[in-house]
Amino acid sequence: MNLSNLQPAEGSTHNQNKRLGRGEGSGKGGTSARGHKGAKSRSGYSKKIGFEGGQMPLQRRVPKFGFTNINRKEYEGVNLDTLQLLVDNGIITDAVDMTTYVANRLATKNEIVKILGRGELKAKLKVTAHKFTATAKAAIEAAGGEAVTI
């Protein structure tokens, strides 16, 4: 090894960038590899999201329809078979309330819970929720349980 063949350690240098606008001798002077004129040659250029080169963008070509009801309530559905599964696994025994739903990730603390009637419930449970479907309420009471509306 001598001064003529010194080089940096493998992986120690990272900068592979082209040095633009540093004179004609560099091969990247003049227009600095941006070509001539147009938006892309200007400083500060950034393409807008969805920009299609001046063609009418897709989100403006497709017609709008419908509306969103601002008063709509979104319920988090919990089915009877899910409750029965929790009973079978020994997670719940007699009562189900919001803390149980949150602990088992069936709902978050700010969601409104609605009990739905899919599956069957064999266990006698006191189920507390914001709403019940008619079939769910009937199934809970048929199993000897109680449906409590918050």
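Look above for the structure.
Residues numbered from 1 in each chain as written. Predicted model: local features only at pLDDT ≥ 70, side-chain atom pairs only at ≥ 80, totals over all residues. Heavy atoms only, no water.

1. Quick word on the pattern of salt bridges
As a reminder, the rule being used: For salt bridges, the criterion is a side-chain nitrogen of Lys or Arg within 4 Å of an Asp or Glu carboxyl oxygen. With a 1.4 Å probe rolled over the protein chains alone, any residue whose accessible area is under 20% of its type maximum counts as buried; one over 50% counts as exposed, and the rest are partly exposed. In DSSP terms, a helix is any run of H or I states spanning at least four residues, a strand is any run of E spanning at least two, and both are numbered starting from the N terminus.
Taken as a whole, this structure holds three salt bridges when the rule is applied. The closest approach of N and O atoms between Glu74 and Arg72, which form a salt bridge, is 2.8 Å. Residue Arg72 is classed as exposed on the basis of its relative accessible area, which comes to 58%. Of the charged contacts, one joins Arg118 and Asp81 as a salt bridge, the two residues approaching to 2.8 Å between their closest N and O atoms. You can see Arg118 sitting in the loop between β3 (112–116) and β4 (126–129) and its partner Asp81 sitting in helix α2 (residues 80–88), a full 37 residues away along the chain.

2. Thoughts on α2
Condition: As used here, the arc is the angular range of directions from the helix axis to the C-beta atoms. Whether two residues are in contact is decided by their heavy atoms, any of which lying within 4.5 Å being enough.
Residues of α2 that are buried include every one of Leu80, Leu83, Gln84, Leu86 and Val87, and no others. Viewed along the axis of α2, the buried residues span an arc of 155°, placing them on a single side of the element. On its buried side, α2 packs onto β1 (75–79), β2 (95–96), α3 (98–103), β3, β4 and α4 (134–142). Phi turns positive, to about 75°, at Gly90, one or two residues after α2.

3. Digging into the sheet that holds β2
Applicable threshold: A pair of strands counts as paired when DSSP detects no fewer than two bridges linking them.
Spatial ordering of the open sheet is given by β2-β4-β6, a layout of three strands whose pairing is parallel. Every other strand in the sheet has two partners, leaving β2 and β6 (146–149) as the edge strands with one partner each. With four bridges connecting them, β4 and β6 associate as parallel partners. By the bridge assignment for β6, Val127 is matched with Ala147.

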